[in-house]
Amino acid sequence: MERKQMAHPTYLTNESKVAEFEARIARGEKIEPGDWMPDAYRKQLIRMISQHAHSEIVGMLPEGAWITRAPNLRRKMVLLAKVQDEAGHGQYLYHAAETLGVTREEMIDALLAGRAKYASVFNYATLGWADIGAIGWLVDGAAIMNQTMLAHCSYGPYSRAMVRICAEEGFHKKQGQEMIIRYAQGSPVQRRMAQEAIDRWWWPALMMFGPHDNESANTPQLVRWGIKTKTNDELRQEFIDELVPALRALDLSVPDAQMHYDETTGHWNGSEIDWDEFWRVIKGDGPMNAARLSARQQAHEDGRWVREAAEAYAAKMTVNGRAPAHA
Ligand code: BYC
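All values derive from a computational prediction rather than experimental measurement. (Residues numbered from 1 in each chain as written. Predicted model: local features only at pLDDT ≥ 70, side-chain atom pairs only at ≥ 80, totals over all residues. Heavy atoms only, no water.)

### Things to note about helix H5 (residues 104–112)
Alright, step 1. Along H5, the residues that are buried comprise Arg-104, Met-107, Ile-108, Ala-110, Leu-111 and Leu-112.
Alright, step 2. Against helix H2 (39–58), helix H4 (73–98) and helix H12 (289–302) lie the buried residues of H5.
Alright, step 3. Gly-114 occupies a position one or two residues after H5 and carries a positive phi of about 80°. (Buried < 20%, exposed > 50% of the residue type's maximum accessible area, 1.4 Å probe, protein only. Helix = DSSP H or I, 4+ residues; strand = E, 2+ residues; numbered from the N terminus. Contact = heavy atoms within 4.5 Å.)

In structure tokens, the structure reads:
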């Protein structure tokens, strides 16, 4: 869609600016970094995009733990590439957040100090090799549902980052699904590995979509401004409706004895998520929160010499405001 620049004469009131901003969103126009936007829109985006970036970076840890233990070269190469992709996603997203006026340092500081949120699902441990398959299918699968929606969001840089990320996440989901299908059709031990991995990741994957709509403080504003076009519960239901039949077709089950197909609504319904656990994990008290944070702090410390070398090089390159002759 062609982008129209917003000229805002100084006599315009804040209400009329907001009205014009909302009319642009209603027309399906993208909001771009230099455009006028309400402060609350900017803050919501910084919150969400930075949390999303942190999730990609912290999300490398549970899978990275298995790179050295992959059962063969092909699986190792696939996993290496996936973990590397997640680092790239973090980079696109930190860049997208920077367009809103926050610095990379501020975002990283918030993560390392334990002030920032990131997806709760990464505070669980990967206890077996098949967990890599379950993460790909369930966790990346859940992320794609959410991100396909965000690819249509009203903020241009976030929406474009999502288009690119979804293309890569599609491969992640397929590699995870392929693993679980193979193991489900393999030896009894492999079947058991696959089922145990699904049992471990089912509930954390459902929690990824966030609290119920009536508990989701941010949803009304995000929907109003076209950042979210579907609610947490709508996306979670789409995920359940896709995954339950697909797992059943492999003779695998979800760890929820109440799960059943409701003929009247045409949806699969199960029991309630353990919301106490959800909020506990978000507040920092999940099985792996402390380990994830300390791994990121250590990685940051280990990278100190690289940052210092890059700064020294940049300073040398700009001596007297000019690049040296050999540059
Ligand atoms: N985990 O009002 P609500 C990936 C927080 S990574 C932690 O409903 P909203 C991958 C929420 O932030 C993909 N916190 O919030 C990477 C809020 O707190 P604040 C990650 C959660 O924003 C590596 C409070 O609870 N995807 O694919 O309307 C390897 C109330 O919630 C969670 C994204 O980040 C949670 N699960 O909706 C493999 C997508 N849920 O900030 C794979 C972008 C809620 O008010 N984010 N909270 O203090 C979103 O779409 C939305 O922010 C959410 C939450 C759906 C997550």
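### Notes on the environment of Asp-85
Alright, step 1. You can see Asp-85 is positioned in helix H4.
Alright, step 2. As a C-alpha pair, Asp-85 and Asp-213 span 128 residues in sequence and 31 Å in three-dimensional space.
Alright, step 3. The residues touching Asp-85, leaving out its near neighbours within four places in the chain, are Glu-168 and His-172.

### Topic: the side chain of Asp-256
Alright, step 1. Positionally, Asp-256 belongs in the loop between helix H10 (232–248) and strand S1 (260–262).
Alright, step 2. Although Asp-256 is buried, it forms no salt bridge, and the closest oppositely charged side chain is Arg-248 at an N-O distance of 9.0 Å.
Alright, step 3. Sequence-distant contacts of Asp-256, that is, excluding residues within four places in its chain, are made with Trp-203, Gly-270 and Ser-271. (Lys, Arg positive; Asp, Glu negative; His and termini not counted. Salt bridge = Lys/Arg side-chain N within 4 Å of Asp/Glu carboxyl O.)

### Some thoughts on the site of the ligand
Alright, step 1. As a structural note, the neighbourhood of the ligand is formed by 37 residues, with Arg-47, Gln-51, Lys-117, Ser-216 and Lys-228 the closest of them.
Alright, step 2. Ser-120 places a polar main-chain atom, nitrogen or oxygen, 2.9 Å from a nitrogen atom of the ligand.
Alright, step 3. In the environment of the ligand, an oxygen atom lies 3.2 Å from a nitrogen or oxygen atom belonging to the backbone of Ala-217.
Alright, step 4. Burial of the ligand by the protein chains amounts to 90% of its free accessible area of 1000 Å².
Alright, step 5. Considered class by class, the residues forming the shell around the ligand number 16 nonpolar, twelve polar and nine charged. (Near = heavy atom within 4 Å. Polar contact = N/O pair within 3.5 Å; in protein donor to acceptor, adjacent residues only side chain to side chain. Areas by Shrake-Rupley, 256 points an atom, 1.4 Å probe, with all protein chains shown as cover. Nonpolar A, V, L, I, M, F, W, Y, C, P; charged D, E, K, R; others polar.)

### Points about the packing of H4 against H5
Alright, step 1. One way to put it is that H4 packs onto H5 with a least axis distance of 9 Å and a crossing angle of 120°. As the angle between them shows, H4 and H5 are arranged oblique. On H5, the residues that touch Gln-91, Tyr-94, His-95, Ala-97 and Glu-98 of H4 are Arg-104, Met-107, Ile-108 and Leu-111.
Alright, step 2. Class assignment of the residues belonging to the contact of H4 with H5 gives a composition of five nonpolar, two polar and two charged. (Axes fitted to C-alpha atoms, helices over the stretch in contact; angles between N-to-C directions. Parallel < 35°, antiparallel > 145°, perpendicular 65-115°, else oblique.)

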